[in-house]
Amino acid sequence: MKTLIRTLLLLSLIVWLGAEIFFPVVAAITFGQLAPDTHAAGQIVGALLRIVHGMGLVCGVVLLALMALAPAWGIFKSRNVLAPMVLVLGMVALTAYSQFGIIPAMERDRAAAGGVIDAVPLDNPARVSFNALHRRSTNVEGAVLLLGIAVVALVAYAETAAAKPA
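Rules of the game
The numbers attached to residues start from 1 for each chain and follow its sequence in the written order. In keeping with the predicted nature of the model, local features appear solely for residues at pLDDT of at least 70, side-chain atom pairs appear and are counted solely at 80 or more, and the whole-chain, interface and lining totals rest on all residues. By convention in this description, side-chain values take in all heavy atoms of the structure and omit both hydrogens and water. Definition used for salt bridges: Asp or Glu carboxyl oxygen within 4 Å of a side-chain nitrogen of Lys or Arg. Each helix is a run of DSSP H or I of at least 4 residues and each strand a run of E of at least 2, with the numbering of both proceeding from the N terminus. Exposure is judged per residue with a 1.4 Å probe applied to protein chains only, and the accessible area is read against the type maximum: over 50% gives exposed, under 20% gives buried, and values in between give partly exposed. For this analysis, a nonpolar core means a set of buried residues of the types Ala, Val, Leu, Ile, Met, Phe, Trp, Tyr and Cys, connected via side-chain atoms within 4.5 Å. We call two residues in contact whenever any of their non-hydrogen atoms come within 4.5 Å of each other.

Trainee: Provide a residue-level description of the pattern of salt bridges, including the pertinent values.
Mentor: Across all of its chains, the model carries four salt bridges by this definition. Close ionic contact of arginine 6 with glutamate 159 constitutes a salt bridge, the shortest N to O distance being 3.4 Å. Here arginine 6 is found in helix H1 (residues 2-33), whereas its partner glutamate 159 is found in helix H4 (residues 125-163), with 153 residues between them in sequence. Its relative accessible area of 25% is what places glutamate 159 among the partly exposed residues. For arginine 127, the salt bridge identified is with aspartate 118, shortest N-O distance 3.5 Å. Overall, the relative accessible area of 38% leaves aspartate 118 in the partly exposed class. Salt bridges sharing partners connect three or more residues here, namely Arg50, Glu107 and Arg110.

See below:
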């Protein structure tokens, strides 16, 4: 049972971080292939980002549940899962903020610009806001990735600490 729980915990972490690492690659290729039509590329990347966020939220809930129950099952010591749980909670909060705060605001700006953000001048208020939100979105995704890497290190430490005799 311990192996199954550890496997599910690690799988959730791998899926989430894998998506966070792979997403910018897909976005770059999409914009590279559809370079003249940034609107279409943006639509595709936006749809993919919503999928990545959905995966992240599900994986985050699974991670939190498994980490919360792991000490009771004798998988980790309580003190060793607290820090990764806090970081995963931060990852979930940032992902939710991006999905339910930033993306809808970007969509409002896109609509205010007439649907195609690149069709309006650089100083258009909707475009200025959209670009600022895009930078924020990029920073949030980067923060989720960095927190996830820290969680990997802390889970590895918790594994090592759990293997040591008390």
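Trainee: Please provide a residue-by-residue account of the nonpolar core, values included.
Mentor: Counting 21 residues, the largest nonpolar core has Leu9, Trp16, Leu63, Met67, Phe76, Val88 and Val151 as its most contacted members. Elements with a minimum of two residues in this core: H1, helix H2 (38-69), helix H3 (78-112) and H4. With residues up to four places along the chain from it excluded, the contact list for leucine 63 reads Leu9, Ser12, Leu13, Trp16 and Val88.

So, to be careful, I would describe these as geometric facts and stop short of saying anything about function.
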